[in-house]
Amino acid sequence: MGSLPALSVEPVDRLGLFELDGNAVQDNLDPPFDGDDWETLYNNGQNNGGSPGVFTGINPDPASPHVIFSGGVKDIQDVSTEQKGTKAWSWTTGSVPDKSDITNAYAASYTDGETGDRIIYFGADRISNNGDTFMGFWFFQDEVKRIDGGTFSGNHRDDDVLVLVNFPQANNAVPLIQVVKWDSSCDGKGANKIVQNNPVNGDCVANNLRLVAGTSGAGAICGNGGIPEACAITNPGTIASPWPYTSKDGFVNQFPYETFFEGGINITALLPESDGCFASFLAETRASSSFTADLKDFVLDEFPVCATDITTEIHSGNNHDDDIQNTAIDAGTGIHDLALITFSGPSGLNVLGTVTFDTFAATCSELLDGQGDPIVPLPDSLDTYVINVDYDLAGDNTLMVETNGWTNGNTGGALPRVDTDFPAPGPFAYLVRFESATSGIPDSDYHCEQLNVNQLTPSVVTRIHEGSVSVVGHADVDIQGGTVLVGTTIHDLAEVTGASGLLPTGTVSFVFYDNLTCDGNVLATHGNKALSGAGVVATAESNDFSTVGYLSNADTRGLSIKASYGGDTNYAPAMAACEPLTVSKRSPSIETHVILLDRAKVEGDGNSIAGVGDPGGVVDFVIYNSNNCTGTPLRTVNNVPLAAVNGDLFARLAASDEVIVSAPNTTSYVSYKATYKGDNNYKSVEHACEVVAVTLPAKTTAN
């Protein structure tokens, strides 16, 4: 690879973005040297001042325990993976020479409003100025973290940027700044051979490292013969520290000369092929200016130059605007989730990755801890939706992705936006995350949203049917509120109607009571009758209930039925209204025959129901000496039992109940009134007056 082309750009200290003036305080310089300074960004410890796109904050290096690189770690090694025979980075606790002991490190990202270039300013301070300064500032596209036990997470990616800043203290020594990028093709072979003496821009200067800018002797300080795209400066004398600082020599909140360093780099100008996205920042001290020097102290921090933010909305049906998270919906309501992922990155960058939606029957507090990380272990998810992302950054850079696969940024836009979930009652939550496959674009945090699903309350309507439930196609005539004759078989039907396209399931219980108001003695319980049906209507029927033997003295008696639905996952229990029904005794006929002694014939209504068919009981007779059953009775004979005679039922007066007529030459009258007194199945019935006329001949005398 040849030398990189020279670029005509404005020096990074003349962009009006940041004061690269060798101190940390805000001096309010004249344009074009004006802009923010570290004091403004620090903002009295709030780390939120000025106008950077991203600021690490003033990040102190803890003194106890003092974390440093393990012996022999070099910039040519990958962070967590062994490559080309070299070990990965490692760390330990211990000490380093005072001149290599970092006290604080910091970095901030800006966008040049004129050119749109990505400009990064960086800095560090050290505890002592006793010796040469060899520092490096890494900008990683991957998220790099220190892991307990002495290792790191994350890896180098091609176009990670290393800025080397060297301030030797020998007489006539020239400060030097060099910009190097990680290039895994630099392996010492062929066109990628290592150039050790007098390298030029574009040469591989060590395994995995390619020089971008800054040849020997070019200088470091902007405006003094260095490169305009990158420069650095140190304090030539004692200056104030806006943050807590104590030097090795006891300077409090003051930087002795050459203990404070700051610089800037135009990432876009020096690495036009880079997207300018970074995730982590590391400041390091080095044993020498060599590209393969051992590394000493370090400060590591997040640096999300290209950030990924995620929010979500729960939508229902065709309404894709109203966010219903943290509300309550009815069971059977269809919903789908929308993730809005906002990227901070250069226009035109192609973002690849996946959005994963997991659904849970849980609340968000049961899924994420106080830091927003997933609980370990998570409960089992109900469903998982993984949507591929292929999105070019432009405009507002907000990608919309739904659980049904619809997006506003790739071919998913042609998909219908339909509901994917119909949650059961109780808590319901979506746990959503974007995972990046694009260098420099970080993964999003986990985002959780929830709502509550209410049980539905169905309607329960009942109908009393006459006849047996086993009869196919029995008449669907509701006889509740009416009257049936004793001995009639009945059964009850319950119709449970739901909503939202959900068929009620479960069982119905029927309770029969001995009055009309469903609060008397329980006659029978027919429980756990399974519902069946289609759509939103399900039915169940009771067993047969026979009214044989239900009546005693009274001609009628009340009966009632109460049906109760036990509920299911989607529906709450519900009860039907009380169903009244009156049971009446049957109506017999009576026929009397008077010869000398009266008898009454009693017949039923012709039914053949077992235990109901023929009347039983007794008949009362009243005998009058008149032709119209009036006046003072001659005799009353009560409780004459019915007896079968040749297939008929008769109640017959005994011989002792004869009536003697003895008046000659006249007509005498005897009348009978017979009353059948009824039984448990038949009503009482009275026969009409029965009259017998008797004429005796006149007395006859002998001659």
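Whatever comes next refers back to the structure up there.
If you're wondering where the values come from, they're calculated on a predicted model, not measured in any experiment.

Moving on, we come to the overall build of the chain. Within the chain, the secondary structure is distributed over two helices and 47 strands. Radius of gyration (C-alpha) of the chain: 52 Å, far over the 27 Å computed for a compact globule of 703 residues. Over its C-alpha atoms, taken along the principal directions, the chain stretches across nearly 195 × 50 × 50 Å. Residues counted as buried form 48% of the 703 residues belonging to the chain.

What follows covers the state of the cysteines. Evaluation of the coordinates by the stated rule reveals five disulfides. A sulfur-sulfur separation of 2.0 Å characterises the disulfide bridge that pairs cysteine 186 with cysteine 204. On the sign convention where negative means left-handed, the S-S torsion of about -75° between cysteine 186 and cysteine 204 marks this disulfide as left-handed. With cysteine 186 in the loop between strand 11 (176–182) and strand 12 (204–206) and cysteine 204 in strand 12, this residue pair connects regions lying 18 residues apart in the sequence. For cysteine 186, a relative accessible area of 0% translates into the label buried. There is a disulfide in this structure between cysteine 629 and cysteine 689, and the S-S distance comes to 2.0 Å. Its torsion about the S-S bond being 90°, the disulfide of cysteine 629 and cysteine 689 is classed as right-handed. With cysteine 629 in the loop between strand 41 (618–624) and strand 42 (633–641) and cysteine 689 in the loop between strand 46 (685–686) and strand 47 (690–695), this pair connects stretches of sequence that are 60 residues apart. Cysteine 629 gets classed as buried once you look at its relative accessible area, which sits at 11%. By relative accessible area, cysteine 689 is classed as partly exposed at 31%.

Right, let's talk about the pairing of strand 23 (residues 350–360) for a bit. Most of strand 23 is tucked away: eight of the 11 residues are buried. Pairing analysis gives 10 bridges linking strand 23 to strand 24 (residues 383–392), with the strands arranged antiparallel. Residue pairing in the sheet places asparagine 350 in a bridge with aspartate 392 of strand 24.

A word on the environment of proline 272. Here proline 272 shows up in the loop between helix 2 (267–270) and strand 18 (280–286). Taking the C-alpha atoms as reference, proline 272 lies 39 Å from threonine 93; in sequence the two are 179 residues apart.

Taking strand neighbours across the sheet as the criterion, the five strands line up as 21-27-26-23-24 in an open arrangement whose pairing is mixed. At either end of the open sheet lies a strand with only one pairing partner, and these are strand 21 (328–330) and strand 24. Sheet twist, expressed as the average angle between the axes of neighbouring strands with direction ignored, equals 25°.

Topologically, lysine 181 is positioned in strand 11. Of the polar contacts made by the side chain of lysine 181, one reaches the side chain of glutamate 273; its length is 2.8 Å. Discounting residues that sit within four places of it in the chain, lysine 181 has contacts with Asp159, Asp160, Asn208, Leu209, Arg210, Val212, Leu271 and Glu273.

Where two aromatic rings form a pair, the distance of their centres and the angle of their planes describe that pair. Considering all chains together, one arrives at 31 aromatic pairs under this definition. Look at tryptophan 138 and phenylalanine 140: their rings are 5.6 Å apart centre to centre, the planes differ by 15°, and that puts the pair in the stacked class. Ring geometry for phenylalanine 139 against phenylalanine 303: centres 5.8 Å apart, planes inclined by 50°, an arrangement best described as tilted. Residue phenylalanine 139 is found in strand 7 (residues 133–140), and its partner phenylalanine 303 is found in the loop between strand 19 (295–302) and strand 20 (308–315); the two are separated by 164 residues along the sequence. You'll find phenylalanine 139 and phenylalanine 303 in the same group, each marked buried. These aromatic residues form a ring-pair network of at least three members: Phe18, Trp38, Tyr42, Phe55, Tyr106, Tyr110, Tyr121, Trp243, Tyr245, Phe255 and Phe260. Positioned above the aromatic ring of tryptophan 91, the side-chain terminus of arginine 146 is 4.7 Å from the ring centre. Sitting over the ring of tryptophan 406, arginine 417 keeps its end group 3.9 Å from the ring centre.

We now examine the environment of asparagine 454. Positionally, asparagine 454 belongs in strand 27 (residues 447–454). A sequence separation of 279 residues divides asparagine 454 from proline 175, and the C-alpha atoms of the two residues are 71 Å apart. Apart from residues no more than four positions distant in its own chain, asparagine 454 is found in contact with Ala328, Ile329, Asp330, Ala331 and Pro425.

In this section: the sheet that holds strand 22 (residues 336–343). Hydrogen bonds between backbone groups are what pair the strands of a sheet, and the pairing can be parallel or antiparallel. Spatially, 20-22-25 is the arrangement adopted by the three strands of the open sheet, whose pairing is antiparallel. Edge positions in the sheet fall to strand 20 and strand 25 (398–402), since each of these pairs with one other strand and no more. Ignoring strand direction, the axes of neighbouring strands in this sheet form an average angle of 20°. Summarising the sheet, strand 22 and strand 25 pair through five bridges and their orientation is antiparallel. Bridge assignment links leucine 340 to a residue of strand 25, and that residue is methionine 400.

Let's shift gears to the environment of glycine 606. Mapped onto the secondary structure, glycine 606 falls in the loop between strand 40 (598–603) and strand 41. A sequence separation of 18 residues divides glycine 606 from proline 588, and the C-alpha atoms of the two residues are 9.2 Å apart.

Rules of the game
- Residues numbered from 1 in each chain as written.
- Predicted model: local features only at pLDDT ≥ 70, side-chain atom pairs only at ≥ 80, totals over all residues.
- Heavy atoms only, no water.
- Helix = DSSP H or I, 4+ residues; strand = E, 2+ residues; numbered from the N terminus.
- Rg over C-alpha atoms; globule rule 2.2 N^0.38 Å.
- Buried < 20%, exposed > 50% of the residue type's maximum accessible area, 1.4 Å probe, protein only.
- Disulfide = S-S within 2.5 Å.
- Pairing = 2+ DSSP bridges.
- Axes fitted to C-alpha atoms, helices over the stretch in contact; angles between N-to-C directions.
- Polar contact = N/O pair within 3.5 Å; in protein donor to acceptor, adjacent residues only side chain to side chain.
- Contact = heavy atoms within 4.5 Å.
- Phe/Tyr/Trp six-rings, centres within 6.5 Å; stacked < 30°, edge-to-face > 60°.
- Lys NZ or Arg CZ within 6 Å of the ring centre and 35° of its normal.

Note that every value here comes from positions in space, so none of it alone points to a role or purpose.
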